[in-house]
Amino acid sequence: MSADQLLIFFAGIVGGALRVGAPFLFVSLGECITEKSGRINLGLEGVLVLSAMSAFGASYLSGSAWIGVLAAATTGALLATLHGVLCSLPRVNDIATGIALMLLGMGLAFYLGKPLIQPQAPQLPAIALGNWSDSAAVRSALQINALVPIGIALAVALWWAFANTRAGLLVRMAGDSANATRALGYSVSAIRIAATAAGGMVAGLGGACLTLFYPGSWNEGISSGQGLIAVALVIFARWSPIRCVYASLLFGGAGAIGPALQSIGISWGYHLFNIVPYVLTLLILVITCRPGTTVSGSPGELSSSTQ
């Protein structure tokens, strides 16, 4: 492998980590907000797919990609709010409700999105990180989504808010001890509904990344299970918004290995490398989810919400 090929390969990994990792980043941050309050939302796969369809449809109909982003966030918030409200009812299980909402979101997206499979919608602007290079391949590889800096800034803001604001403290308190929250006169259900809605809104931005930048189109297999993978990613990040950034880049880089190899003419095993994110997910679950143990950083009420 020549020096030029090596540079193109590493540029492909870095650029791919930022492109492929963008949906992971927003969905994992959304799930982090939700789980910090003591609730789990397995319906994020449905949120991601329905938000992706909404983003593409709104961008196509309005002619503005940013209106598509707004539509994605709104769609994610609405579907997640439904999840939060249902889970607040007596004897309703978070896991079962999440699966039902996932199927609902995917079903609505597939039904409403059929007319959108062929059209092209306005896309989000790209930020060029490769202008320092004379290589067209490097410049192309280092084109990143304009939402990525927003996602990183949001992760920092959430990290600060959980540690330093009243709202962040209430979310953490509801996740660690429902009884203590009630004793102080706060409604656990209201806090969790608000956190779930906020998490869905953030996760919806991940859907906008899928259809308005990379791969930049709408089809029924657009998410490839990224909403479910994000749940494992949050566990891997130990419920820290900052570590969600690192974990998303790791998963994004893993998903970019195949395309990066293909960019330098190595096509053997291309499809094999596509399974790397799923292998990472399985490894994380095997290593962290052991019977009788509590993962470090886990909200204290999270286990009771799944029973």
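A word on the overall build of the protein. Across its full length, the protein carries 13 helices and 2 strands. Taking 19 Å as the expected radius of gyration for a compact globule of 307 residues, we find that the protein reaches 19 Å, a close match to that expectation. The principal-axis extents of the C-alpha atoms in the protein amount to approximately 65 × 45 × 35 Å. Going through the 307 residues of the protein one by one, you find that 52% of them count as buried. Within the protein, residue pairs in contact and separated by at least 24 positions form 77% of the contacts whose partners lie at least 6 positions apart. Entry remark: accessible area of the protein is about 13,600 Å², with carbon and sulfur atoms responsible for 68%. Mean positive and mean negative side-chain charge positions of the protein (13 and 9 charges, respectively) differ by 9 Å.

A few words on the pattern of salt bridges. A full pass over the atoms with the stated rule returns 2 salt bridges. In this structure, the salt-bridge partner of E220 is K114, at a minimum N-O distance of 3.3 Å. In this pair, E220 sits in the loop between α9 (188–212) and α10 (226–236) while K114 sits in the loop between α4 (94–112) and β1 (126–128), placing the two residues 106 residues apart along the sequence. The exposure class assigned to E220 is partly exposed, which follows from its relative accessible area of 35%. Judged by relative accessible area, which is 51%, K114 ranks as exposed.

Once that is clear, we can look at the environment of H83. In this fold, H83 is placed in helix α3 (residues 65–87). By relative accessible area, which is 1% here, H83 ends up buried. Residues H83 and A230 lie 147 residues apart in sequence; the distance between their C-alpha atoms is 17 Å. Excluding residues that lie within four positions of it along the chain, H83 makes contacts with R39, I40, N41, D94, T97, G98, L101 and T196.

This brings us to unusual backbone geometry. In this structure, P215 follows Y214 across a cis peptide bond, with omega equal to 5 degrees. A positive phi is found at R91, a non-glycine position, where the angle reads about 60 degrees. Even without a glycine there, the phi angle at R238 is positive, about 55 degrees. By the element assignment, R238 lies in the loop between α10 and α11 (241–263).

The next point concerns α9. For α9, spanning 25 residues, the distance from its first C-alpha to its last is 36 Å, which sits close to the expected 36 Å at 1.5 Å a residue. Most of α9 sits inside the fold, with 19 of its 25 residues counted as buried.

One can find Q226 in helix α10. Since its relative accessible area comes to 11%, Q226 is described here as buried. Not counting residues within four places of it along the chain, the set of residues in contact with Q226 comprises V20, P23, F24, E45, L48 and L210.

Counting 40 residues, the largest nonpolar core has L29, V69, L147 and A208 as its most contacted members. Among the secondary structure elements, those contributing two or more residues to this core are α1 (3–36), α3, α6 (147–164), α7 (166–176), α9, α10 and α11. With sequence-adjacent residues up to four places away left out, V69 is seen in contact with L124, L147, L205, A208 and L212. Ranked by size, the runner-up nonpolar core spans 19 residues in total, among them L44, L48, A52 and A230.

Another point: a nonpolar patch on the surface. Where nonpolar side chains cluster on the molecular surface, the patch consists of L82, L86, L89, L104, L108, Y111 and L112 and spans about 630 Å² of accessible area. Put simply, the parts of the chain that give the nonpolar patch at least two residues each are α3 and α4. No other element matches the 4 residues that α4 contributes to the nonpolar patch.

A complete count under the given rule lists 2 aromatic pairs for this structure. Considering the side-chain rings of F9 and F10, the 5.5 Å spacing of their centres and the 70 degrees angle between planes classify their relative orientation as edge-to-face. One Lys or Arg, R19, reaches over the ring of Y214 and ends 5.7 Å from the middle of that ring. One cation-aromatic arrangement involves K36 over F162; the distance from NZ or CZ to the ring centre is 5.3 Å.

Among the structural elements, G38 can be located in the loop between α1 and α2 (44–62). Exposure remark for G38: the relative accessible area of 0% places this residue in the buried category. Note: C-alpha distance between G38 and I191 (153 residues apart in sequence) is 9.8 Å.

Calculation rules
Note on numbering: residues in each chain are counted from 1, in written sequence order. Residue-level local features of this predicted model are given only where pLDDT is at least 70; pairs of side-chain atoms are given and counted only at 80 or more, and the full residue set underlies all totals for whole chains, interfaces and linings. To get the side-chain values, take all heavy atoms of the structure and skip hydrogens and water. Secondary structure is summarised from DSSP: a helix means a run of H or I of at least four residues, a strand means a run of E of at least two, and numbering begins at the N terminus for each. The atom set for the radius of gyration is the C-alpha atoms, and the globule formula is 2.2 Å times the number of residues raised to the power 0.38. Each residue is assigned to one of three classes by its accessible area relative to the maximum for its type, calculated with a 1.4 Å probe on protein chains only: buried under 20%, partly exposed between the two thresholds, exposed over 50%. Pairs of residues are marked as contacts when any of their non-hydrogen atoms sit within 4.5 Å. Residue exposure ignores everything except the shown protein chains as possible cover, and the areas themselves are Shrake-Rupley values with a 1.4 Å probe. In this tally, Lys and Arg are treated as positive and Asp and Glu as negative; His is ignored, and so are the chain termini. Where a charge lies is defined by one atom per residue type, namely NZ (Lys), CZ (Arg), CG (Asp) and CD (Glu). Note on definitions: salt bridges are taken to be side-chain nitrogens of Lys or Arg within 4 Å of carboxyl oxygens of Asp or Glu. Working rule for helices: expected span equals 1.5 Å times residues minus one. To define a nonpolar core, start from buried Ala, Val, Leu, Ile, Met, Phe, Trp, Tyr and Cys residues and group those joined through side-chain atoms within 4.5 Å. What makes a patch is a set of residues exposed beyond 30% relative accessible area and free of salt bridges, joined within 9 Å when like-charged and within 5 Å when nonpolar (Val, Leu, Ile, Met, Phe, Trp, Tyr). Two aromatic rings from Phe, Tyr or Trp, using only the six-membered ring of Trp, form a pair when their centres are within 6.5 Å; if the ring planes differ by under 30 degrees the pair is stacked, by over 60 it is edge-to-face, and anything between is tilted. Lysine NZ or arginine CZ positioned within 6 Å of the ring centre and within 35 degrees of the ring normal marks a charge as sitting over the ring.

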